[in-house]
Structures are given as C-alpha cells and as structure tokens.
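Inside the fold
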Amino acid sequence: MDLFIGMDLGGTNLKYALGNENGEIIIKKSRPSQANQSQKTIFENMFIAVEELKAEAEKRKNKILSIGVGSPGSIDFETGQLKGSTPNLPNWAKAPIKKTLEEKFNISTWADNDANIMALAEARLGAGKGYKNILCLTLGTGIGGGILIDNQVLRGEHYSAAEVGHIIIAYNGIRCNCGNKGCLEAYTTAPAMVKRYQKKLKRLGLAYNINELNTEFIFQKASRNEGLAIETIAETCEYLGAGIASISNIIDPEVVIIGGGVSEAGDPFIKQIENEVRQYSVKAIMQNLKIVRAQMGNDAGIVGAILLAAENYSDDN
Ligand SMILES: [Zn+2]
C-alpha cells in the first residue's frame with residue numbers, strides 16, 4: 001500500500017501521522033513543536049517526525065508517496081513558503097516548508113494554512129462530506145476559517161482568503177489584534193467572551209474569581225439560568241450570526257461547519273447561532289443552509305494534511 005505523511009504544526013505540538021489516500025490514519029504521533037525556538041529547531045522536529053514515520057512505513061513494507069503540512073500563517077501554495085510571519089511562532093516567518101522537506105527527504109511536499117487543511121478534512125470526511133460549497137469556522141482563542149468552493153479550497157490571490165475572523169461586524173467597533181476595528185474576532189473569541197462577561201459582573205458589583213472565568217464557566221452558569229451568562233452567550237451568537245450571514249451572503253454555501261473549543265458548548269449553542277444567521281442573511285441563501293458542528297475533532301489537522309498530500313500527489317502524477 002502507498003502511504004502519505006500528514007503533519008500539523010501548532011503553537012504547542014507538532015502532530016504527525018501516516019495515512020492512506022482516503023485520509024485514514026494508520027499511525028499517529030505527537031511531539032512538542034518548540035514553536036518559540038528557532039526555525040531550525042522547528043524543522044529539526046519535523047525531520048524527526050518524518051524519520052519516525054518513514055521507519056514505520058518501512059516496517060510495514062509500504063512506500064511514502066508525499067508529505068502534506070499544515071501550518072499557521074498565509075502560505076504560498078505554489079512555493080510552499082510562509083508569506084510573512086505568524087503570531088504564535090515568532091521565528092517561523094517566511095519558513096520555506098516545501099523546499100526544506102523536499103531537499104531533506106526527496107519526497108514531494110505540499111504546505112497549506114492550518115485552517116484550510118482542517119476545512120479540507122471536514123469537507124472530505126467530516127461534517128461537510130457530500131457538499132461542494134462549504135464555510136468552516138474554528139472558534140477558540142482566535143477564529144480560523146476555511147472555504148471550499150466547488151470542492152476546491154479557496155486560497156485567494158495572496159493565499160490569505162477566508163480570514164473570516166476579520167470580517168467587520170461593527171463599523172468603528174472595538175480594536176482587534178490585527179489592528180483594525182470591529183472585527184468578528186474582537187467580539188467572539190473565548191477571551192472576548194470572558195472579558196464581556198467580566199465587565200457585566202463588575203458593572204453590577206458582583207464578586208468573581210478571575211482564575212475561574214473561562215467560556216466553560218460561562219456556559220455552565222448559563223445552563224443554571226444565570227442572567228449575565230445567558231446574555232453574554234446570546235450576544236456572542238448574535239455577533240457570530242452577523243459575521244456568518246455576511247460571509248454566506250457572498251459565497252452562498254451549502255453548509256457552515258463550526259468547530260474549535262467554544263463549539264464544544266454543544267448543539268443548543270449552534271442552534272442559537274443558526275437563529276441569528278437567519279436574521280441577517282438573504283432569504284434565498286438561508287433556505288437550505290445547514291449550520292452544523294465540526295466532526296473531525298483533534299485529528300482534523302493531520303487528516304487534512306494527509307489529504308493535502310494525497311490529493312496533490314495524484315494531481316501531479
Ligand atoms: Zn481583525
């Protein structure tokens with residue numbers, strides 16, 4: 001059997017796996033990415049990962065055809081190199097991923113933005129299976145986005161498409177980490193939710209333990225009918241609804257897939273977002289639009305990277 005390597009580089013861990021052309025994982029592993037260290041150190045971790053998986057493939061008498069890598073940042077898909085820098089990996093700017101791995105191992109390599117490969121995994125094997133036009137959002141400490149149009153990942157002219165976190169939902173609104181004002185991300189990330197909830201508590205002079213405040217805590221309070229928590233979640237859903245509706249009004253997707261830590265709050269949260277999207281979107285678009293939770297969980301990145309390797313390899317040969 002011919003196999004592919006998928007690697008998912010994150011701020012904390014480098015996840016890596018051996019899989020087949022259908023994106024099925026044969027073996028998966030993880031090691032610290034040492035993301036705050038030099039570019040050389042991060043590449044050395046990738047080299048170790050590939051060596052380990054090569055050994056596993058040889059043990060099974062399988063051949064590795066190509067490598068797929070997901071990484072934070074905008075990545076030139078043709079050259080497989082980071083376009084600029086990425087906040088959580090300070091020394092990873094302009095990293096020549098494709099070139100470095102191909103020179104080291106002489107195996108064809110493709111690299112893409114991590115949110116794009118997660119969207120690819122959901123599209124092929126997860127909540128987007130069977131759909132061609134897909135919008136993916138990952139809600140966490142930031143907001144990741146991936147869009148597939150006619151089964152193809154939308155990368156854009158500068159490989160920076162689907163920056164869904166930076167769609168403007170409030171003209172002249174609060175400042176976002178990107179420098180602009182009023183971005184969706186400034187209102188709906190986990191830290192943004194916590195900050196808003198904390199403000200409400202303060203305003204009413206209610207005592208709280210800052211170390212306890214996180215989104216889990218807010219959802220738990222809401223489930224016990226605590227008014228401020230319910231209000232915080234309702235606002236978040238309204239902001240997300242406005243953002244998702246704005247994107248949907250342009251790309252007209254069949255399905256919107258919501259993943260990431262905050263989405264683990266469950267189906268009622270997704271339903272609440274859906275109700276808001278309904279308020280803000282064009283009726284013809286909303287009619288058959290499905291809004292669902294992501295299904296691939298923690299494996300989305302490595303499965304997407306395996307698929308990236310497999311799909312491009314067959315295109316190339
Ligand atoms: Zn922004």
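Just so it is clear, the model here is predicted, and its values are computed rather than measured.

About the cut-offs
- Residues numbered from 1 in each chain as written.
- Predicted model: local features only at pLDDT ≥ 70, side-chain atom pairs only at ≥ 80, totals over all residues.
- Heavy atoms only, no water.
- Helix = DSSP H or I, 4+ residues; strand = E, 2+ residues; numbered from the N terminus.
- Rg over C-alpha atoms; globule rule 2.2 N^0.38 Å.
- Buried < 20%, exposed > 50% of the residue type's maximum accessible area, 1.4 Å probe, protein only.
- Contact = heavy atoms within 4.5 Å.
- Areas by Shrake-Rupley, 256 points an atom, 1.4 Å probe, with all protein chains shown as cover.
- Lys, Arg positive; Asp, Glu negative; His and termini not counted.
- Charge placed at Lys NZ, Arg CZ, Asp CG, Glu CD.
- Expected span 1.5 Å × (residues − 1).
- 1 Å grid on protein atoms, 1.4 Å probe; cavity = no way out; pocket = protein on both sides within 12 Å on 5 of 7 lines; lining within 4 Å.
- Points joined across faces, edges and corners; volume = space filled by probe spheres on them.
- Donors = N, O, S within 2.8 Å, 3.2 Å for Na, K, Ca; no water.
- Tetrahedral: all angles 85-135°; square planar, octahedral: opposite > 155°, others 65-115°.
- Axes fitted to C-alpha atoms, helices over the stretch in contact; angles between N-to-C directions.
- Parallel < 35°, antiparallel > 145°, perpendicular 65-115°, else oblique.
- Nonpolar A, V, L, I, M, F, W, Y, C, P; charged D, E, K, R; others polar.
- Salt bridge = Lys/Arg side-chain N within 4 Å of Asp/Glu carboxyl O.
- Phe/Tyr/Trp six-rings, centres within 6.5 Å; stacked < 30°, edge-to-face > 60°.
- Lys NZ or Arg CZ within 6 Å of the ring centre and 35° of its normal.
- Core = buried A, V, L, I, M, F, W, Y, C linked by side-chain atoms within 4.5 Å.

1. Overview of the overall build of the chain
Across its full length, the chain holds ten helices and twelve strands. Relative to its length of 317 residues, the chain is compact, with a C-alpha radius of gyration of 20 Å against a globular reference of 20 Å. By principal-axis analysis of the C-alpha atoms, the chain measures approximately 65 × 45 × 35 Å. With 317 residues in all, the chain has 51% of them scored as buried. Within the chain, counting contacts between residues at least 6 apart in sequence, those at least 24 apart form 63% of the total. As presented, the chain carries roughly 15100 Å² of accessible surface, and 46% of it is formed by carbon and sulfur atoms. Of the side chains in the chain, 34 bear a positive and 36 a negative charge, and the two mean positions are spaced by 5 Å.

2. Remarks on helix H1 (residues 39-59)
Spanning 21 residues, H1 covers 30 Å between terminal C-alpha atoms, matching the ideal 30 Å at 1.5 Å per step. Along H1, the residues that are buried comprise Thr41, Ile42, Phe43, Asn45, Met46, Phe47, Ala49, Val50, Leu53, Glu56 and Ala57. Contact partners of the buried residues in H1: strand S1 (2-9), strand S2 (13-19), strand S3 (25-32), strand S4 (63-71) and helix H2 (97-105).

3. Considerations on the layout of surface pockets
Over the atoms rolls a probe the size of a water molecule, and in doing so it shows where empty space is left. In this model, the second largest pocket occupies a volume close to 370 Å³. Lining the second largest pocket are 15 residues; nearest its centre among them are Ile174, Arg175, Ala186, Ala192 and Lys195. If you list the elements that add at least two residues to the lining of the second largest pocket, you get helix H4 (184-188) and helix H5 (190-203). Per element, the largest residue contribution to the lining of the second largest pocket is five residues, and it comes from H5.

4. Brief notes about the coordination of the zinc ion
For the zinc ion, every protein donor is listed as His166 (ND1), Cys176 (SG), Cys178 (SG) and Cys183 (SG), and the spread of their distances is 2.0 to 2.4 Å. Considering all four donor atoms around the zinc ion, the spread of angles at the metal, 106 to 118 degrees, places the coordination shape in the tetrahedral class. Each donor residue of the zinc ion lies on the same chain, and together they follow the pattern H-x9-C-x1-C-x4-C. Since its relative accessible area comes to 40%, Cys178 is described here as partly exposed.

5. Notes on the packing of H5 against helix H6 (residues 215-223)
Following both chains from N to C, one finds H5 and H6 inclined at 55 degrees, their axes separated by 9 Å at the closest point. If you check the angle between H5 and H6, you find them oblique. Between H5 and H6, the contacting residues are Ala190, Met193, Val194 and Tyr197 on the first element and Thr215, Phe217, Ile218, Phe219 and Lys221 on the second. When the residues that make up the contact of H5 with H6 are grouped by side-chain class, the tally is seven nonpolar, one polar and one charged.

6. Topic: the pattern of salt bridges
Any two side chains of opposite charge can pair if their charged atoms end up close together. On inspection of all chains with the given rule, the structure shows 16 salt bridges. Residues Lys59 and Glu56 are paired through a salt bridge, measuring 3.5 Å at the closest nitrogen-oxygen approach. In this pair, Lys59 and Glu56 both sit in helix H1, three residues apart, roughly one turn of the helix. On the accessibility criterion, Glu56 (12% relative accessible area) is buried. Among the ionic pairs, Lys98 bridges to Glu102, the shortest N-O distance being 3.1 Å. In this pair, Lys98 and Glu102 are both assigned in helix H2, four residues apart and thus about one turn of the helix distant.

7. A closer look at the packing of aromatic side chains
Under the counting rule described, the total for this entry stands at seven aromatic pairs. Judged by centre distance (6.4 Å) and plane angle (25 degrees), the ring pair of Phe43 and Phe47 falls under stacked. With a gap of four residues between them, Phe43 and Phe47 both fall in helix H1, about one helical turn apart. Residue classification places Phe43 among the buried residues on the basis of a relative accessible area of 6%. Linked through ring pairs, Phe43, Phe47, Trp92 and Phe105 together constitute an aromatic cluster. For Lys98, the ring lying beneath its charged end belongs to Trp110, and the centroid distance is 5.1 Å.

8. Quick look at the nonpolar core
Grouped together as the largest cluster of nonpolar side chains are 37 residues, with contacts concentrated most on Leu135, Leu137 and Phe269. Of all the secondary structure elements, the ones that give two or more residues to this core are strand S8 (134-139), strand S9 (143-149), H5, H6, helix H7 (227-251), strand S11 (255-259) and helix H8 (267-280). Element by element, the count of residues in this core is highest for H7, at nine residues. Discounting residues that sit within four places of it in the chain, Leu137 has contacts with Ile143, Gly144, Val164, Leu184, Ile244, Val256, Ile257, Ile258 and Gly259. In terms of nonpolar packing, the next biggest core, distinct from the first, is built from 30 residues, Leu3, Tyr16, Val69 and Ala111 among them.

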